[in-house]
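This is what each chain is made of:
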Amino acid sequence: MAEQWIKPYGDTQDDGRVQLSFTLPVPLDEVSKEGARRLALAMGLDEPAVVHAEDMGQGFSFYVLYGQSKHRIDLSTIQVAKPEFEVLDKEGVNALIAEKMGRKMVVVGACIETDAHTVGIDAIMNMKGYNGHKGLESYHEVRAINMGAQVDSEELVARAIEERADVILVSQVVTQKNIHLDNLTRLSDILEAEGMRERIILVVGGPRISHELAKELGYDAGFGPKSYAEDVASFAINEWIKRKAA
Amino acid sequence: MAHLQLDQARIDRARNSARRIAGRVFDDMDRSTTTTVERATLRLMGIDGVDENQVPLPNRVVDHLQEQGLLNRGAALAVAAAMNEQGWTAQQVAEAVAAGRLVLDGGGDDTAARNTADALAAQSCEHIAAQRAQRAALIGNSGENGEVAQPWLYLIVATGNIYEDIKQARAAAEQGADIVAVIRSTGQSLLDYVPYGATTEGFGGTYATQENFRLMRAALDEVGAKVGRYIRLTNYCSGLCMPEIAAMGAIERLDMMLNDSMYGIIFRDINMQRTFIDQFFSRMINGYAGIIINTGEDNYLTTADAVEAAHTVLASQMINEQFAYLSGLAPEQMGLGHAFEINPELENGFLWELAHAQLVRQVFPDASLKYMPPTKHMTGNIFKGHVQDALFNMVSTVTQQNIHLLGMMTEAIHTPFIQDRFLAIQNARYVFGTMRDLHSEIEFKSGGLIEQRAQAVLAETESMLAEIERIGLPSAIAQGMFAEIKRTATGGKGLDGVIAKAPGYYNPFPKRMLQGGPRHG
C-alpha cells in the first residue's frame, strides 16, 4: 500500500499545529510558565508557546499552549479492529431475525457492578432510543430486557440463563481509575465459569469502549460513542448467523 | 422580573391534587417504620462506632431487636429501658449488645423509658439547633444576608478519597464555588449500613461517613473564612440509609442534602414503601436542621425526552413539595430540581428550556430551585460542550434559579479535572455578570411561543396529577409515569426492612422536630 504520511493541520499542509491545555500543581510564576513550555517541548512539540496562563489558587495554575508536532504517522501501516458486518435499519434487522432465527432474539442488558449511569444502556434498549434512533424494545423481533443500573454480574448472568438470552449487552459509562475494566473482566469470567460464554453473544458499550478493547477483554464486540440500537442489533444477528453456520 | 401569563387556578388545582396524593401516601405509610429509621433514631440518641467486623453499632442493636421481636415498638424504648436498668449511656448499651453481654428484652417501666428517650432526644435536638444557629451566624458574618448574587454556584468533587476531595473543594471555593457537593461512591445507595470513619477508597465518589462529613465541614469553614463566604456542603441523603445520613448531616452541619421522595424507587429499584417511610423521617430531620433538600427530577430527563416529558418534571416537583411540607420543611428549604436537557439539535430548543425554567420559577416562587446542566447531550466535543453550558448558564440567570450546578465541558468523558471546574466557574461568572439584570429588562411576548409552551406544560401537568390522584401514586409509579420506569409496591430492595408498628410504638423525635406539626402548602 502507498505510504500516507500525515501530521496535524492548522492552516498550512504539514504545519503540525496543535493546541493543548493542562494544569500544573504549582502557583503561577515565570518559572512555572517556562516549565509549561518545556513540557510541551518534551512532548514533541516544536516552537511551543504558552498563549494563556492563569493562577487557579490553592497552589495550582492553568496553561493553554500551541505548538507544532514533530511527529508524523503513516496511515497506510495502521490496522484497526472493527466488527465486520453490514449495518441494517430496524426493518432490515427484524426481517433478518425472522428469516434466520424464526423466533425473537432475546437481549438482556444492564449497567453492571458499580456503574449507576443508565444513559448508554437506555439509549440502546429503551423504546425511545436516542437521537431519533429507536431502541431495541421497539424491535418486533427482539425481546429486550433492560435490568437498569448497578446490577451484579451474577444477577445479570442468572437472568440471562432464565430468559434464555442470545445476547448480553453491558454498559459502562462512568469510570474512574479504570474500574470499568475490572467490572467487565469479572462478567466475562463468570460467564466462562458458568460454561455459557460460547452460547452468548457478549457485547459492551460506553464512551470509553472501543471494539479493540472489547476484544481484548474477551467480548465479541464493543461499541463506542455514536452507536445506536441498529448497530448493536445488526452485529448481534450477523454474529448469530455466523455462529450457526460454523 | 419577566413574567409569563399563567392560569393561577390551574396551578392551584394541580397543587391541590399533589397535596392529596402525598397525604394519602403519608397516611398509608405512617403505620410502619423501617430498620434505617430506627438506626437513625439510635444515632441521634448518641450511638456510633463499629464492632470488630466494621458493622456499625446502630445496625447491631437494630438487628438484635429484630431478632428479639421488639423493633415494632421502636428501638428508642428498648435502649432507654436498658439504660435505666443498667445506669449506662446509650453507647454503653449498644457496646454491650454488640459484645453479647446484654440481651434487650423490652422489660422495665415504659414511662421511665420514654422519659429517658425524651431526655436524649431533647439533648440531640439542642445540638442540631445549635449547629443551625452557628450556620446562621457564619452566614451573617460573611455578609451574605440573602444579598448574595444568586444563583449559587454548585460544584462537585468526586475523587473517592476524602483528603483529595478536600484539596479540590478548597480550590473550588477559592475559585468561586458557593456550594461543594461530595459525590458518593457508586453503590453506597444500596448498602444497608453507613460505612464508618475517614475513607480514601471509593468509586466515582467518596463514601458518605460521619467522619468524612466532619473533615469536609472543617475544611470548608476554614476556606470560607479565608474567602469571606460561607461555603455550603452537600451530600446524598438517599438510598437504603436515607434517615441515617440525614442524622449524620444534621449533627455535622451539612447545608444541603439530595433527598428525593421517589428517586430511589425509580432509579435504584429500592422498595416503594421503604422509600416513602424513609424519606419522611429523613426530611423531618433535614427540616429541623435547616438543611435545603435537593430533589432529583432532572434524572427523569436522562431516560425520558426533555420536551415530551417536561410535564412529568413539574408534576413530580409538586409531589415532592407536598411531601416536604408534610415533613415540616419551609419553601426556601426546597431545592426542587430540573434540568437543561433538550437535544441541542432541536430547532428553538433554547426557547423551550427558557419556557420551562421560567414556568418552574413562577410555580414555586419561594423555593430554592436547583437547576442541572446538560449531561445527556454532552459529547466528547468539549468546545461545543462549553457553549452548551454557557446557554444553560444564561437560562439560569435570566429565570433566577437558585442552586446552579455547574456544567462541565468534559461531562461525557471523565470525572472533572481541576481545570474543568476552573473553566466552568469562569464561564458561569462571566454569564451571570454580563447578564446580571437582564431578567428585569425583558418581557415574554404575550401569546408567544415561550408562553404557549409554558401553558401547555402546565396543562399537561394538571391532567397528569389528576390521573395520579385517581389511581394513587404507587400505581402511577407501577405504570411507569415517571422516567418511563415501572416499579411495584412490593418489588425492589429493602422491603424486608419495613416493619409494621405495634401498639405502643414510640419515637421521641417527630414531636420535637415537627414542632407545630407538618406544614401545609
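Owing to the predicted nature of the structure, the values given are computational and were not obtained by experimental measurement. (Residues numbered from 1 in each chain as written. Chains lettered and ligands numbered in written order. Predicted model: local features only at pLDDT ≥ 70, side-chain atom pairs only at ≥ 80, totals over all residues. Heavy atoms only, no water.)

S.K.: Give me the lowdown on the overall build of chain B, citing residues and values where you can.
M.R.: Tallying secondary structure elements over chain B gives 19 helices and 11 strands in all. The C-alpha radius of gyration computed for chain B amounts to 23 Å, which stays within 12% of the reference 24 Å derived for 521 residues, consistent with globular compactness. Summarising its shape, the C-alpha atoms of chain B cover approximately 70 × 55 × 40 Å along the three principal directions. A fraction of 78% describes how many contacts in chain B between residues 6 or more apart in sequence connect residues 24 or more apart. Approximately 18500 Å² of chain B is accessible, and the part contributed by carbon and sulfur atoms is 50%. Distance between charge centres in chain B, computed from 44 positive and 59 negative side chains, equals 1 Å. (Helix = DSSP H or I, 4+ residues; strand = E, 2+ residues; numbered from the N terminus. Rg over C-alpha atoms; globule rule 2.2 N^0.38 Å. Contact = heavy atoms within 4.5 Å. Areas by Shrake-Rupley, 256 points an atom, 1.4 Å probe, with all protein chains shown as cover. Lys, Arg positive; Asp, Glu negative; His and termini not counted. Charge placed at Lys NZ, Arg CZ, Asp CG, Glu CD.)

S.K.: Tell me about the pairing of strand E4 (residues 60-69) of chain A, residues and numbers included.
M.R.: Residue and element names in this part refer to chain A. Most of E4 is tucked away, with 7 of its 10 residues classed as buried. Direction of pairing for strand E2 (residues 17-24) relative to E4: antiparallel, over a ladder of 8 bridges. What sits directly across from Leu24, in E4, is Ser61. In sequence, strand E3 (residues 45-57) turns back onto E4 through a hairpin of 2 residues, with Gln58 there showing a positive phi of about 55 degrees. (Buried < 20%, exposed > 50% of the residue type's maximum accessible area, 1.4 Å probe, protein only. Pairing = 2+ DSSP bridges.)

S.K.: Describe in detail the sheet that holds strand E7 (residues 142-146) of chain A, supporting the description with residues and values.
M.R.: All names here are of chain A. The strand order across the open sheet built from 5 strands is E7-E6-E8-E9-E10, with neighbouring strands paired in parallel fashion. What marks the edges here is a single partner per strand, and that holds for E7 and strand E10 (221-223). When strand polarity is set aside, the average angle formed by the axes of neighbouring strands in this sheet is 20 degrees. Inspection of the sheet shows strand E6 (residues 105-111) paired to strand E8 (residues 167-171) by 5 bridges, in the parallel sense. Counted as the bridge partner of Gly109 is Leu169 from E8. (Axes fitted to C-alpha atoms, helices over the stretch in contact; angles between N-to-C directions.)

S.K.: Tell me about helix H16 (residues 418-434) of chain B, and name the residues and values.
M.R.: Helix length check: H16 of chain B, at 17 residues, gives a terminal C-alpha distance of 25 Å against a target of 24 Å (1.5 Å per residue), a fit within 8%. For H16 of chain B, every residue scored as buried is listed here: Ile418, Gln419, Asp420, Arg421, Phe422, Leu423, Ala424, Ile425, Asn427, Ala428, Val431 and Phe432 of chain B. (Expected span 1.5 Å × (residues − 1).)

S.K.: I'd love a proper account of the packing of aromatic side chains, names of residues and values included.
M.R.: Within this structure, the stated rule accounts for 12 aromatic pairs over all chains. With a centroid separation of 5.2 Å and an interplanar angle of 25 degrees, the aromatic rings of Tyr263 of chain B and Phe267 of chain B are classed as stacked. Of the two residues, Tyr263 of chain B and Phe267 of chain B are both situated in helix H10 (residues 263-268); the distance of 4 residues between them amounts to about one turn of the helix. Per residue, the accessibility class of Tyr263 of chain B equals that of Phe267 of chain B, and both read buried. Centroid distance Phe276 of chain B to Phe323 of chain B: 5.6 Å. Interplanar angle 25 degrees. Geometry classified as stacked. Remark: Phe323 of chain B occurs in helix H13 (residues 310-326) and Phe276 of chain B occurs in helix H11 (residues 272-289); sequence separation between them is 47 residues. Phe323 of chain B sits in the buried class, given a relative accessible area of 2%. Members of the aromatic cluster, connected to one another through ring pairs, are Tyr263, Phe267, Tyr300 and Phe482 of chain B. Here the basic side chain of Arg72 of chain A rests over the ring of Trp5 of chain A, its NZ or CZ set 4.2 Å away from the ring centre. The ring of Tyr139 of chain A carries Lys90 of chain A above its face, with NZ or CZ at 5.8 Å from the centroid. (Phe/Tyr/Trp six-rings, centres within 6.5 Å; stacked < 30°, edge-to-face > 60°. Lys NZ or Arg CZ within 6 Å of the ring centre and 35° of its normal.)

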